[in-house]
Amino acid sequence: MILRSGRLYVTSRGTNEVLRYDATSGAFIDLFVGAGSGGLNAPDDLTFGPDGNLYVTSLNTNSVLRYNRTTGSLMDVFVLPDSGGLRLPRGLTFGPDGNLYVSSVGTNSILRYDGMTGEFIDDFVPSQSGGLNFPRDILFGSDRNLYVCSQLSNSVLRYDGRTGAFINAFVFPGSGGLVAPAFMVFSNGGNGGNDPPPPNENPAPPNGDPTAPDAITPGSNGGAGGGGPIVPFLGLPNGANNNCGSGLCGAGAAMALPMTLLGLGWMRRRRPHDRQ
């Protein structure tokens, strides 16, 4: 999910939609992206790009779709199915270089695409580099390096933001009891300044501080400023939350809880999100 202009955007994987909610009250606003729009199938992560439009990973079509920031209508399939070997895309973020980075679970790699055209550039993080296993959420830190939740190695890995070379296990496997990390966010919004607001739009969060942590939500990768401690977030298996209230329905709906409140462990059968 992601916050923008007083609205919370949430992927509803069970219904193949993106829903909008009031960021203050949580009240349902509307169906922003209709079911299956543009072939959307199992939406996972979402982010706003430098052009202000919404980008969504479509897990079962191995693609990234782009939607108009105002109407929610399909603009195009920004990353074509299987482009660059993309398999089961989960997390995505725009980097400091303006290009799009996507975690490819099926290949255990991070792929890079041209931020203007969606054309494949390279395997930015090669398969299994540094022990990468089932990459989920990805974001750039204030150090401009790339951080990746490696779910099956129970760790957060750090890669050089320019070359993609492995630096270290930033969060060691199992540290603090960490199991199957899925989402993360820097507590003071550090993400290398990614995901700028749409043109002519620069809203501040409710507390008036554009760098505050509540401007950033799991999977949004959308803050400014940065450099605080990294806070992993927890995702549950598909079907863990089948509460269909307020229009949000089904398996894998994009939500998250701070793992610091859960003892940094896998909370079994309690909820859904990313971006996964």
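The structure under discussion appears in the preceding block.
Report follows, based on the coordinates. (Residues numbered from 1 in each chain as written. Predicted model: local features only at pLDDT ≥ 70, side-chain atom pairs only at ≥ 80, totals over all residues. Heavy atoms only, no water.)

**Observations concerning the overall build of the protein chain**
Across its full length, the protein chain carries zero helices and 19 strands. The buried share of the protein chain, taken over its 276 residues, is 53%. Only carbon and sulfur atoms are counted for the fraction: they give 52% of the accessible area of the protein chain, which is about 10400 Å². (Helix = DSSP H or I, 4+ residues; strand = E, 2+ residues; numbered from the N terminus. Buried < 20%, exposed > 50% of the residue type's maximum accessible area, 1.4 Å probe, protein only. Areas by Shrake-Rupley, 256 points an atom, 1.4 Å probe, with all protein chains shown as cover.)

**What about the packing of aromatic side chains?**
All told, the structure shown has eleven aromatic pairs when counted by the stated rule. Here the aromatic rings of tyrosine 9 and phenylalanine 48 are separated by 5.2 Å at their centres, their planes lie at 80°, and the arrangement is edge-to-face. Here tyrosine 9, found in strand 2 (residues 7-12), pairs with phenylalanine 48, found in strand 5 (residues 43-48); they are 39 residues apart in sequence, far enough to count as distant. Both residues of the pair, tyrosine 9 and phenylalanine 48, belong to the buried class. Here the aromatic rings of tyrosine 55 and phenylalanine 94 are separated by 5.0 Å at their centres, their planes lie at 75°, and the arrangement is edge-to-face. With tyrosine 55 in strand 6 (residues 54-58) and phenylalanine 94 in strand 9 (residues 89-94), this pair connects stretches of sequence that are 39 residues apart. With respect to burial, tyrosine 55 and phenylalanine 94 carry one shared label: buried. (Phe/Tyr/Trp six-rings, centres within 6.5 Å; stacked < 30°, edge-to-face > 60°.)

**A closer look at the sheet that holds strand 9**
Strand order across the open sheet formed by four strands is 9-10-11-12, with antiparallel pairing between neighbours. Single-partner strands in this sheet number two, and they are strand 9 and strand 12 (120-125). Each strand of the sheet is rotated relative to its neighbour by a mean of 25°, with strand direction disregarded. Two elements, strand 9 and strand 10 (residues 100-104), share four bridges in a ladder whose sense is antiparallel. Among the inter-strand pairings, proline 89 is bridged to a residue of strand 10, identified as serine 104. (Pairing = 2+ DSSP bridges. Axes fitted to C-alpha atoms, helices over the stretch in contact; angles between N-to-C directions.)

**Comments concerning the sheet that holds strand 16 (residues 166-171)**
In space, the four strands of this open sheet follow the order 13-14-15-16, with antiparallel pairing throughout. Either end of the sheet is taken by a strand with one partner, and the two such strands are strand 13 (135-140) and strand 16. Going from strand to strand, the sheet's axes swing by 25° on average, the running direction of each strand aside. Relative to strand 15 (residues 155-159), strand 14 (residues 146-150) is paired through five bridges, and the arrangement is antiparallel. Bridging from a neighbouring strand, leucine 146 pairs with tyrosine 159 of strand 15.

**Quick look at the pattern of salt bridges**
Oppositely charged side chains are able to pair whenever their charged atoms sit close together. Per the stated rule, a full pass over the model turns up ten salt bridges. With its nearest N and O atoms 3.2 Å apart, the salt bridge here joins aspartate 44 to arginine 90. Taken together, the residues span a long stretch of sequence, with aspartate 44 in strand 5 and arginine 90 in strand 9 at a distance of 46 residues. Judged by its relative accessible area of 1%, aspartate 44 falls in the buried class. (Salt bridge = Lys/Arg side-chain N within 4 Å of Asp/Glu carboxyl O.)

**Re the side chain of arginine 20**
With respect to the helices and strands, arginine 20 occurs in strand 3 (residues 17-22). A distance of 2.7 Å separates the side chain of arginine 20 from the side chain of aspartate 30, its partner in a polar contact. (Polar contact = N/O pair within 3.5 Å; in protein donor to acceptor, adjacent residues only side chain to side chain.)

**Here we look at the pairing of strand 5**
The buried fraction of strand 5 amounts to six of the six residues, a majority that puts the element mostly inside the structure. Pairing analysis gives four bridges linking strand 5 to strand 6, with the strands arranged antiparallel. Each bridged residue has a counterpart across the sheet, and for phenylalanine 48 the counterpart in strand 6 is leucine 54. Adjacent in sequence and paired antiparallel, strand 5 and strand 6 are bridged by five residues, among which glycine 52 carries a positive phi angle near 85°.

**Some words on unusual backbone geometry**
What is expected of a backbone is that most residues other than glycine have negative phi and most peptide bonds are trans. Residue alanine 42 is not a glycine yet carries a positive backbone phi of 65°. Note on placement: alanine 42 falls in the loop between strand 4 (28-33) and strand 5. Taking the relative accessible area as the measure of exposure, alanine 42 reaches 5% and is therefore buried.

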